[in-house]
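# Fold and contact review
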Amino acid sequence: MGDHATSATTQPIDTFQVQHHGRVTSHAKYLGNTTQNTGSSTITLNHHISAAKDAYYAYQGFWTNKHIPIHIKVQLLKMLFLNTLLTGLDCELLSHFEVHRLDITLLQYARKILGTHGLNSTLTEDGIAHQITNTEVRTFFRISNAATLLRQRRLAFLQYIIK
(Lines give C-alpha, C1' and ligand atoms only; values in the text may rest on other atoms or scores of the structure.)
Protein backbone atom coordinates (compact mmCIF):
# COMPACT_ATOMS: atom_id res chain seq x y z
CA MET A 1 0.00 0.00 0.00
CA GLY A 2 1.21 3.47 -0.88
CA ASP A 3 1.27 6.60 1.22
CA HIS A 4 -2.13 7.77 -0.03
CA ALA A 5 -4.07 4.56 0.68
CA THR A 6 -6.38 4.29 3.67
CA SER A 7 -7.70 1.21 5.37
CA ALA A 8 -11.40 0.53 5.93
CA THR A 9 -11.17 1.75 9.54
CA THR A 10 -9.18 4.90 8.84
CA GLN A 11 -10.86 7.71 6.94
CA PRO A 12 -8.98 10.74 5.61
CA ILE A 13 -9.83 13.90 7.52
CA ASP A 14 -11.44 16.62 5.44
CA THR A 15 -9.37 19.80 5.70
CA PHE A 16 -12.50 21.81 6.58
CA GLN A 17 -13.51 19.63 9.52
CA VAL A 18 -12.49 20.43 13.08
CA GLN A 19 -10.94 17.98 15.52
CA HIS A 20 -12.55 18.37 18.93
CA HIS A 21 -11.77 16.08 21.88
CA GLY A 22 -10.32 13.43 19.56
CA ARG A 23 -13.24 13.29 17.16
CA VAL A 24 -14.00 15.12 13.93
CA THR A 25 -16.96 17.52 14.07
CA SER A 26 -18.38 20.27 11.91
CA HIS A 27 -17.85 22.86 14.66
CA ALA A 28 -15.98 23.38 17.93
CA LYS A 29 -16.21 25.90 20.74
CA TYR A 30 -13.13 27.96 21.59
CA LEU A 31 -13.04 30.86 24.06
CA GLY A 32 -16.82 31.21 23.96
CA ASN A 33 -17.11 31.37 20.18
CA THR A 34 -17.95 28.47 17.93
CA THR A 35 -15.67 27.74 14.98
CA GLN A 36 -17.52 26.13 12.08
CA ASN A 37 -16.04 24.14 9.24
CA THR A 38 -17.79 26.41 6.72
CA GLY A 39 -16.17 29.56 8.09
CA SER A 40 -19.61 30.87 9.03
CA SER A 41 -20.32 32.50 12.37
CA THR A 42 -23.98 31.48 12.45
CA ILE A 43 -23.81 29.43 15.67
CA THR A 44 -21.98 32.21 17.51
CA LEU A 45 -24.35 34.82 16.09
CA ASN A 46 -27.40 32.80 17.14
CA HIS A 47 -25.95 32.52 20.63
CA HIS A 48 -25.44 36.30 20.88
CA ILE A 49 -28.94 37.06 19.57
CA SER A 50 -30.45 34.56 22.01
CA ALA A 51 -28.48 36.03 24.94
CA ALA A 52 -29.56 39.58 23.99
CA LYS A 53 -33.21 38.48 23.80
CA ASP A 54 -32.87 36.83 27.22
CA ALA A 55 -31.39 40.05 28.61
CA TYR A 56 -34.29 42.04 27.13
CA TYR A 57 -36.99 39.73 28.48
CA ALA A 58 -35.35 39.59 31.92
CA TYR A 59 -36.44 43.25 32.23
CA GLN A 60 -39.86 42.80 30.59
CA GLY A 61 -41.67 44.69 33.38
CA PHE A 62 -39.20 47.55 33.03
CA TRP A 63 -39.66 47.94 29.27
CA THR A 64 -43.46 47.90 29.45
CA ASN A 65 -43.71 50.31 32.40
CA LYS A 66 -45.04 53.57 30.94
CA HIS A 67 -44.00 55.55 34.04
CA ILE A 68 -40.29 55.05 33.37
CA PRO A 69 -38.97 57.82 31.09
CA ILE A 70 -37.98 56.75 27.59
CA HIS A 71 -34.44 58.16 27.96
CA ILE A 72 -33.78 55.71 30.83
CA LYS A 73 -34.96 52.83 28.65
CA VAL A 74 -32.74 54.03 25.80
CA GLN A 75 -29.70 53.99 28.10
CA LEU A 76 -30.49 50.50 29.43
CA LEU A 77 -31.03 49.19 25.90
CA LYS A 78 -27.58 50.48 24.93
CA MET A 79 -25.86 49.19 28.08
CA LEU A 80 -27.55 45.82 28.43
CA PHE A 81 -29.03 44.68 25.13
CA LEU A 82 -26.55 46.23 22.70
CA ASN A 83 -23.47 45.14 24.65
CA THR A 84 -24.82 41.60 25.03
CA LEU A 85 -25.57 41.48 21.32
CA LEU A 86 -22.20 42.76 20.09
CA THR A 87 -19.58 41.79 22.69
CA GLY A 88 -17.17 39.28 21.19
CA LEU A 89 -18.46 39.68 17.66
CA ASP A 90 -15.99 42.43 16.87
CA CYS A 91 -13.31 39.77 16.35
CA GLU A 92 -15.52 37.64 14.08
CA LEU A 93 -15.52 37.88 10.30
CA LEU A 94 -19.26 38.29 9.82
CA SER A 95 -20.88 38.11 6.42
CA HIS A 96 -23.10 40.93 5.17
CA PHE A 97 -26.15 38.77 5.94
CA GLU A 98 -24.99 38.13 9.53
CA VAL A 99 -24.40 41.84 10.17
CA HIS A 100 -27.86 42.51 8.71
CA ARG A 101 -29.36 40.00 11.19
CA LEU A 102 -27.73 41.93 14.04
CA ASP A 103 -29.21 45.14 12.70
CA ILE A 104 -32.68 43.62 12.37
CA THR A 105 -32.54 42.28 15.94
CA LEU A 106 -31.42 45.62 17.36
CA LEU A 107 -34.11 47.56 15.50
CA GLN A 108 -36.79 45.02 16.44
CA TYR A 109 -36.23 45.48 20.17
CA ALA A 110 -35.74 49.24 19.89
CA ARG A 111 -39.13 49.42 18.16
CA LYS A 112 -40.71 47.41 20.99
CA ILE A 113 -39.58 50.08 23.44
CA LEU A 114 -40.87 52.86 21.20
CA GLY A 115 -44.19 51.05 20.82
CA THR A 116 -44.67 51.01 24.60
CA HIS A 117 -44.64 54.82 24.51
CA GLY A 118 -46.68 55.13 21.30
CA LEU A 119 -43.68 56.43 19.37
CA ASN A 120 -43.38 53.63 16.80
CA SER A 121 -45.56 55.36 14.20
CA THR A 122 -46.30 58.83 12.91
CA LEU A 123 -49.53 60.32 11.58
CA THR A 124 -49.59 61.83 8.12
CA GLU A 125 -51.73 64.81 7.12
CA ASP A 126 -54.53 62.46 6.02
CA GLY A 127 -54.62 60.80 9.48
CA ILE A 128 -53.00 57.50 8.44
CA ALA A 129 -50.40 56.04 10.81
CA HIS A 130 -47.10 55.01 9.22
CA GLN A 131 -44.31 53.11 10.93
CA ILE A 132 -41.24 55.26 11.47
CA THR A 133 -38.20 54.40 9.38
CA ASN A 134 -35.12 52.54 10.59
CA THR A 135 -33.12 55.74 10.23
CA GLU A 136 -35.57 57.53 12.54
CA VAL A 137 -35.29 54.70 15.10
CA ARG A 138 -31.48 54.90 14.99
CA THR A 139 -31.61 58.69 15.32
CA PHE A 140 -33.96 58.50 18.30
CA PHE A 141 -31.73 55.97 20.10
CA ARG A 142 -28.53 57.67 18.87
CA ILE A 143 -27.10 54.40 17.59
CA SER A 144 -25.48 53.54 14.28
CA ASN A 145 -26.11 50.43 12.23
CA ALA A 146 -24.50 47.18 13.36
CA ALA A 147 -21.66 47.35 10.81
CA THR A 148 -20.61 50.79 12.06
CA LEU A 149 -20.91 49.75 15.70
CA LEU A 150 -18.65 46.75 15.07
CA ARG A 151 -16.12 48.97 13.25
CA GLN A 152 -16.09 51.39 16.21
CA ARG A 153 -15.49 48.52 18.63
CA ARG A 154 -12.64 47.16 16.50
CA LEU A 155 -10.99 50.58 16.30
CA ALA A 156 -11.37 51.09 20.06
CA PHE A 157 -9.71 47.71 20.65
CA LEU A 158 -6.84 48.57 18.31
CA GLN A 159 -6.38 51.93 20.06
CA TYR A 160 -6.25 50.12 23.40
CA ILE A 161 -3.54 47.76 22.09
CA ILE A 162 -1.46 50.60 20.64
CA LYS A 163 -1.41 52.57 23.93
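As a starting point, this report considers the structure included with it. Owing to the predicted nature of the structure, the values given are computational and were not obtained by experimental measurement. (Residues numbered from 1 in each chain as written. Predicted model: local features only at pLDDT ≥ 70, side-chain atom pairs only at ≥ 80, totals over all residues. Heavy atoms only, no water.)

### A look at the packing of helix 3 (residues 70-86) against helix 4 (residues 96-116)
Heads up, the rule is: The axes are straight lines fitted to the C-alpha atoms, using for helices just the contacting stretch, and the angles between their N-to-C directions are given from 0 to 180°. Strands are runs of DSSP state E lasting at least 2 residues, helices are runs of H or I lasting at least 4, and numbering of each runs from the N terminus. In these notes the angle categories are as follows: under 35 degrees is roughly parallel, over 145 is roughly antiparallel, 65 to 115 is roughly perpendicular, and the rest is oblique. It is the rotation of the near helix from the far one that decides the hand of a crossing: anticlockwise by less than a right angle makes it left-handed, clockwise makes it right-handed. We call two residues in contact when some of their heavy atoms are within 4.5 Å. In this classification, the charged set is Asp, Glu, Lys and Arg, the nonpolar set is Ala, Val, Leu, Ile, Met, Phe, Trp, Tyr, Cys and Pro, and all remaining amino acids, among them Gly, are polar.
Where helix 3 contacts helix 4, the two axes come as close as 11 Å, and the packing angle between them is 160°. On the basis of the axis angle, helix 3 is roughly antiparallel to helix 4. Read as a crossing pair, helix 3 and helix 4 show a hand that is right-handed. Across from I70, K73, L77, F81, L82, L85 and L86 in helix 3, the residues of helix 4 making contact are L102, T105, L106, Y109, A110, I113 and T116. Of the residues assigned to the contact of helix 3 with helix 4, the class counts are 11 nonpolar, two polar and one charged.

### Here's the deal with the side chain of D103
Along the chain, the position of D103 falls in helix 4. Residues in contact with D103, not counting those within four places in the same chain, are R138, N145 and A146.

### Thoughts on the packing of aromatic side chains
Threshold: What counts as a ring pair is set by centres within 6.5 Å for rings of Phe, Tyr and Trp (its six-membered ring), and what kind of pair is set by the plane angle: stacked under 30 degrees, edge-to-face over 60, tilted for all other angles. Under the scheme applied here, a residue whose accessible area is under 20% of the maximum for its type counts as buried, over 50% as exposed, and between as partly exposed, the area being computed with a 1.4 Å probe on protein chains only.
Using the criterion set out here, one finds nine aromatic pairs in the structure. Between Y59 and F62, the aromatic rings sit 6.5 Å apart at their centres with planes inclined by 80°, giving edge-to-face as the arrangement. According to the relative accessible area criterion, Y59 is partly exposed, its value standing at 39%. Measuring from centroid to centroid gives 5.6 Å for F140 and F141, while their planes differ by 70°, and the two rings are edge-to-face. On the basis of relative accessibility, which here comes to 37%, the residue F140 falls in the partly exposed class.

### Digging into the nonpolar core
The test is simple: Each nonpolar core is a collection of buried residues, namely Ala, Val, Leu, Ile, Met, Phe, Trp, Tyr and Cys, held together in the definition by side-chain atoms within 4.5 Å.
One finds F81, L85, L102 and F141 to be the most contacted residues of the largest nonpolar core, which totals 30 residues. Secondary-structure elements contributing two or more residues to this core are helix 1 (42-58), helix 3, helix 4, helix 5 (134-141) and helix 6 (146-162). Look past the residues within four positions of F141 in its chain and what remains in contact with it is V74, L77, K78, A110, I113 and L114.

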